[in-house]
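Residues per chain, in single letters:
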Amino acid sequence: MIFGRECYDVHSGTEIRQCRFSSGGNMVASLDAEGNAMVWSWYAPSVTTTQTHFDSVLSLEWTAKQERFLLLGGRDASIRVFDCEARRVVCELGDAVDTSFSRVVALASSPNGTHFVSASTLGVPSLGLQMKSQPSFQPGKLLYWNLKQRAVERDLSLNGCGLPPPGVTCLTFNHNGTMLLCGTAQGAIKIFDMRRFDQLYSWDGSSPDPITDLRFSCDETDVYSISTEGALTQWSIRGAAVRLQTFPNTTGAHCFALHSDTRHALLGSVNGAGIYRLTSPGHSLLSINDIGSVTSVDWMITERTSVFIAGTKEGQIHVVNLLPNDEIIS
């Protein structure tokens, strides 16, 4: 099943927070706990750092449809657009209306290639906005950006009952950018209709713990999520949101990536990385337990290639080349 494995220490032992393939799959962008972002080629690891002053990056995202531009969210309410070919920042975006939500903690690029969404939280927790029922409540802000115009088009309200909007921890679009899926720090899951810019669904997750990762299924009738509680959960969104199952063998996982068929998932946990068959349910097909505690994963699948990356708490990024069209995951 495994065709080859490589291990890269491009962040000099600092814990990896994010690692993502570019849209074309030729490049990897990675981010460590100290806020250092790097861009490199996984098949020829000549590492190109974004810039030395990017020591305050909190989130990163490739723009859709091309792998030239990388979005970098910072601690200072700014979002930088980095040109990987020219190796320089081509523009810097910022919220001119409200800079109090200074921590850009998550980014999602729309498949239309011209827009993206940023999720921000307060730079310093505000005691005035703390809620008695949720002492750790941290308000957030969700903005819809036009990349060509370099401006905010919409402030997406997360406010459901006149309360301060909760902070979003992770977000992703569906295949054509018409729906936006968000997970919050309070364990809620929300879906926005991006044609009307209103909230379609909002429901509580499997626990009040922060959502750490989520994805649409390939037919976009289900949603998969993981929280800090650490178990993969499947939700149906046919009508009202309903929990279908929680996969028992995935306990302890906190990040994942789905195969394009949504029948298999790559999960990262403190015990390493593994591929699970979701129709079994949760039957492990492949386990790699000698790479340390995995903090971020991504999976690139084409007709000729199946490669996944796993970033670890120990600061390494492992590249695992799987045999294409392997019978075990076909």
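This one's a predicted model, so the numbers in the text were calculated from it and none came from an experiment.

Peer 1: Would you take a moment to explain the overall build of the protein chain for this structure?
Peer 2: Assigned secondary structure in the protein chain consists of zero helices and 28 strands. With 330 residues in all, the protein chain has 55% of them scored as buried. When the accessible surface of the protein chain is split by element, carbon and sulfur atoms take 47% of a total near 14200 Å².

Peer 1: Any chance you could explain the nonpolar core here in plain terms?
Peer 2: Core analysis: the biggest nonpolar cluster contains 16 residues, and Leu266, Ile275, Val294, Val297, Trp299, Phe308 and Leu322 have the highest contact counts within it. Broken down by secondary-structure element, the contributors of at least two residues to this core are strand 22 (253-258), strand 24 (272-277), strand 25 (283-288), strand 26 (294-301), strand 27 (306-312) and strand 28 (317-322). Dropping the residues within four chain positions of it, Leu266 is found in contact with Cys255, Phe256, Ala257, Ala273, Gly274, Ile275, Val297, Asp298, Trp299 and Phe308.

Peer 1: I keep staring at the side chain of Ser118 and nothing clicks. Help me out?
Peer 2: Here Ser118 lies in strand 11 (residues 115-121). Apart from residues no more than four positions distant in its own chain, Ser118 is found in contact with Ile79, Val104, Ala106, Leu107, Lys141, Leu142, Leu143 and Trp145.

Peer 1: How should unusual backbone geometry be read in this particular structure?
Peer 2: Outside of glycine, negative phi angles account for most residues, and trans bonds account for most peptide bonds. Here Phe197, not a glycine, exhibits a phi torsion of approximately 60°, which is positive. Within the secondary structure, Phe197 is located in the loop between strand 16 (188-193) and strand 17 (198-204). The backbone phi angle of Thr262 is positive, close to 60°, even though this residue is not glycine.

Peer 1: What's the story with the sheet that holds strand 20 (residues 233-236) in this structure? I'm lost.
Peer 2: Strand pairing in a sheet relies on backbone hydrogen bonds, with the paired strands running either antiparallel or parallel. Strand order in this open sheet of four strands is 18-19-20-21, and the pairing throughout is antiparallel. Each edge of the open sheet is held by one strand with a lone partner, namely strand 18 (211-216) and strand 21 (242-246). Shown here is a sheet whose adjacent strand axes are inclined to one another by a mean of 25°, direction ignored. Direction of pairing for strand 20 relative to strand 21: antiparallel, over a ladder of four bridges. Directly across from Gln234, in strand 21, lies its bridge partner Gln245.

Peer 1: I keep staring at the packing of aromatic side chains and nothing clicks. Help me out?
Peer 2: The geometry of an aromatic ring pair comes down to the distance between the two centres and the angle between the two planes. For the structure shown, the criterion picks out seven aromatic pairs. Geometrically, the ring pair formed by Phe21 and Trp42 is edge-to-face, given 6.5 Å between the ring centres and 85° between the ring planes. You can see Phe21 sitting in strand 2 (residues 16-21) and its partner Trp42 sitting in the loop between strand 4 (37-41) and strand 5 (48-49), a full 21 residues away along the chain. You'll find Phe21 and Trp42 in the same group, each marked buried. Aromatic ring contacts, followed pair by pair, group Tyr201, Trp203 and Trp235 into a single cluster.

Peer 1: How do you make sense of the pairing of strand 16 when you look at a structure like this?
Peer 2: Across a regular strand the side chains alternate sides, sitting on one face of the sheet and then on the other. Burial analysis of strand 16 places six of its six residues in the buried class, which makes it a mostly covered element. As paired elements, strand 15 (residues 179-184) and strand 16 share five bridges and run antiparallel to each other. Bridge pairing in strand 16 links Cys182 to Lys190. Linking strand 15 back to strand 16 in an antiparallel pair, the connection comprises three residues, with Gly187 at a positive phi of about 85°. Taken together, the six bridges between strand 16 and strand 17 define a ladder with antiparallel strand orientation. Bridge pairing in strand 17 links Ile191 to Tyr201. In this antiparallel pair of consecutive strands, strand 16 and strand 17, the connection spans four residues, and Phe197 shows a positive phi of 60°.

Peer 1: What am I meant to see in the pattern of salt bridges here?
Peer 2: Opposite charge on two side chains makes pairing possible when the charged atoms of those side chains draw close. In total, this model carries 12 salt bridges according to the counting rule given. Of the charged contacts, one joins Glu92 and Arg80 as a salt bridge, the two residues approaching to 3.8 Å between their closest N and O atoms. On the criterion of sequence distance, the pair formed by Glu92 in strand 9 (residues 88-94) and Arg80 in strand 8 (residues 78-83) is long-range, its members being 12 residues apart. Given the relative accessible area of 10%, Arg80 is considered buried. One salt bridge in this structure joins Asp193 and Arg195, with 3.3 Å as the shortest N-O distance. By sharing partners, the salt bridges in this structure join Asp193, Arg195, Arg196 and Asp198 into a single network.

Conventions we followed
Residues numbered from 1 in each chain as written. Predicted model: local features only at pLDDT ≥ 70, side-chain atom pairs only at ≥ 80, totals over all residues. Heavy atoms only, no water. Helix = DSSP H or I, 4+ residues; strand = E, 2+ residues; numbered from the N terminus. Buried < 20%, exposed > 50% of the residue type's maximum accessible area, 1.4 Å probe, protein only. Areas by Shrake-Rupley, 256 points an atom, 1.4 Å probe, with all protein chains shown as cover. Core = buried A, V, L, I, M, F, W, Y, C linked by side-chain atoms within 4.5 Å. Contact = heavy atoms within 4.5 Å. Pairing = 2+ DSSP bridges. Axes fitted to C-alpha atoms, helices over the stretch in contact; angles between N-to-C directions. Phe/Tyr/Trp six-rings, centres within 6.5 Å; stacked < 30°, edge-to-face > 60°. Salt bridge = Lys/Arg side-chain N within 4 Å of Asp/Glu carboxyl O.

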